[in-house]
Structure formats: structure tokens, C-alpha cells
Amino acid sequence: MALRQLTPELEERAKQELGEDPARRQADIDAIKTWLSKQAHLNANTEDQWILTFLRGCKFSLERTKEKIDSYYTFRTLLPEFFTNRDPLQPELQEILKLGICFPLPHPDPNGRKIFLLRVGQYDPSRIKLSDVMKLNYINMDITLKEDDRTIICGDVLIMDMRGVTLSHAAQVQPALLKKASTVYQDAYPVRPQGMHYVYAPATFESMISLIKSFMKDKLRKRMSVHGNNIENLYKDIPQRCLPNEYGGEAGPIAELAAAWKAKVESNRDWLLADEQRRSDERKRPGRPKTTDNIFGVEGSFRKLDFD
């Protein structure tokens, strides 16, 4: 399959910011494919476009690309709570999709960054598990990796809306789960996180935000902003025209935007079901198999997070 053609603007950004060399690009892809052919423990996607996505996310370092691909498929085996039962038509995911809890906005910002919206207070924690919200978030990211070259080259921004968050929501944010989610995002996905904006965050949840920050690498932590109720601060980084109407924006109402993304996810159902089989087989890994304990630590060593 031929590689997708970039616009001249994206081609130039890929050269300048990622070190992409069109003359060397296919050789780099072939080097990773050769390496994958020797990894008996990895059942990986070997399509050129998919491999190129990981190369771009690793700024064309072959060694970093190998590490990230290995981590990507290893976490799919070690974390079934995120990476199994990914059928978007199953009731749990349908409910999250209908509520518009997490989805990307349709238009990039002026810097070309994709904007992801996560509305963590918009579900009933007695009905929906946070791990299922995270599962859908990774589905959204996988579809983006598969289809959206601009996001891989220009990066992404997350808006975390904490309106409606209660102690019952907070009780689901336990350190073990959060550490797993943070590690997967930072170590396995070939993305370029450019900013995280927490809006409508009540002061009473400072401990939750501190916990989230504790699992971030320094670079990502420095790109995190907490705005409280001052939505005007958000506009300094993300123009209103890119935001849903409910945030003083012009992109359309959340209900319509979420419905459009729901249709997109459902249209990828066959690919998601087939792709779920791609993972590591730790029985075939040379040397010591990887386990949740030796990567994340023993879950029992984490204290539960209590909120006053």
C-alpha cells in the first residue's frame, strides 16, 4: 500500500520538527519491518503507513521506535482492562459514546494540533467504570494513529472538563489505575502531547490533580494548566472557533460533535475487532517475560486515594 501523501506544509513540518527525510523514509520503514520479522513474541501491524506513524512519533530514531512498538503491543497483553472487548457496539462503550464523555474535536487549532475533549464528570460512576472510559480513549487514539497524519506531526492538546465531578468519580481515580494509564500514554503511543488544560476544576480536588501530575514526565507536567472556572484563560491557547458551543466556541454543540465521532468509531468496528488480536506473546519473548508487576509494581503496594 502506498504511503499517504502529505501536503507541502506538513511535509516541511515533518522535516523540520521530526527529522523526516523523504529520501530515507522507506529505508527506515524497511528496517523496522525487518526487525519486526525477527520478534517472534510480537503480533504487530506491519503496514508501511502504521510503521511510519511510529517513526514520526519517535522522530525517526530506530531504537526509540523499536522500544515504543514493543511497549505498545506489550501493554495490550498486560492491560486487558484497556485493550480487550473493544467492540464499540457493546453496551458499556455505547453509553460512553452517546454521552460524549471523550472524543476529539473536528478542527485542529491554528498550530495544527488535534484537540481531545474529556468530560470526566458526565457519567454515572455507579453505571460506568473509569477503565471503560480509558478504553474508549485509547480506541480514539488508535483511530487517530491509523488515519490522521496531521496529529502525529503537529501534536495534540487535551481539555479535561471537571464539571460535575463528585467524590464517587474521584473514588475511581486510584493510583494503580492512573499509573497504568499514564505509562501507556507516555511510553507506548507515538504521540506529541503539546498541552493539557483542566477547566472547571474545583479547589477540593487539588489532591486528584496532584496525583495525576505525579505520574507525568517533566515535559508533560510543564505543559499542564489548571484554569478553575476561568474559561477565558483557555482561549489564550485554543481559539474559541475550535471549541464546542458550550465552551463559548463556534465548532457546534457537543451533542452533534459527539454523535459524529460515535459514527466514526462504529465505522472502524471491523478494524478494531481484527486489531485486538495484535499483541505480545510473553511466552515467546527472549529472556524474561514482562508482567504487570515488573513494569508497574505490585498493585497492593499502592495506597488507596482518599478524599476529604
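- As annotated in an unreviewed UniProt entry, the protein chain is Alpha-tocopherol transfer protein-like from Frankliniella fusca.

### Thoughts on the side chain of E20
Now for step 1: Topologically, E20 is positioned in the loop between α1 (8–18) and α2 (25–37).
Now for step 2: On the basis of relative accessible area, E20 is assigned to the buried category, the value being 3%.
Now for step 3: Of the polar contacts made by the side chain of E20, one reaches the side chain of R25; its length is 2.6 Å.
Now for step 4: At 2.8 Å, the side chain of E20 forms a polar contact with the side chain of R56.
Now for step 5: Once residues within four sequence positions are removed from consideration, E20 is found in contact with L6, A14, K15, R25, L52, R56 and F60.

### Observations concerning the pattern of salt bridges
Now for step 1: The final tally for this structure, using the stated rule, is 30 salt bridges.
Now for step 2: For R76, the salt bridge is made with D142, and the minimal N-O distance between the two is 3.5 Å. Pair noted here: R76 is in helix α4 (residues 62–78) and D142 is in helix α7 (residues 130–147), with a separation of 66 residues, a long-range link.
Now for step 3: The salt bridge partner of E95 is R127, with a shortest N-O separation of 3.0 Å. Linking E95 in helix α6 (residues 91–99) with R127 in the loop between β2 (114–119) and α7, this pair joins segments that are 32 residues apart in sequence.
Now for step 4: One connected set of salt bridges, linked through shared partners, spans R4, E11, E20, R25, R56 and D149.

### Focus on the layout of surface pockets
Now for step 1: Counted as a void, the largest pocket has a volume near 600 Å³.
Now for step 2: Lining the largest pocket are 21 residues, with R64, K68, V191, P193 and K219 sitting closest to its centre.
Now for step 3: Within the residue set of the lining of the largest pocket, elements represented by two or more residues are α3 (48–57), α4, α10 (175–187), β4 (193–199) and α12 (218–222).
Now for step 4: The element that contributes the greatest number of residues to the lining of the largest pocket is α4, accounting for four residues.
Now for step 5: For the lining of the largest pocket, the per-class residue count stands at seven nonpolar, four polar and ten charged.
Now for step 6: If you add up the space inside the second largest pocket, you get close to 300 Å³.
Now for step 7: If you trace the second largest pocket, you find 18 residues lining it, with P104, L105, P106, K114 and W261 closest to the centre.
Now for step 8: Those elements that provide at least two residues to the lining of the second largest pocket are α7, α8 (149–154) and α14 (254–267).
Now for step 9: Per element, the largest residue contribution to the lining of the second largest pocket is five residues, and it comes from α14.

Rules and cut-offs
- Residues numbered from 1 in each chain as written.
- Predicted model: local features only at pLDDT ≥ 70, side-chain atom pairs only at ≥ 80, totals over all residues.
- Heavy atoms only, no water.
- Helix = DSSP H or I, 4+ residues; strand = E, 2+ residues; numbered from the N terminus.
- Buried < 20%, exposed > 50% of the residue type's maximum accessible area, 1.4 Å probe, protein only.
- Polar contact = N/O pair within 3.5 Å; in protein donor to acceptor, adjacent residues only side chain to side chain.
- Contact = heavy atoms within 4.5 Å.
- Salt bridge = Lys/Arg side-chain N within 4 Å of Asp/Glu carboxyl O.
- 1 Å grid on protein atoms, 1.4 Å probe; cavity = no way out; pocket = protein on both sides within 12 Å on 5 of 7 lines; lining within 4 Å.
- Points joined across faces, edges and corners; volume = space filled by probe spheres on them.
- Nonpolar A, V, L, I, M, F, W, Y, C, P; charged D, E, K, R; others polar.

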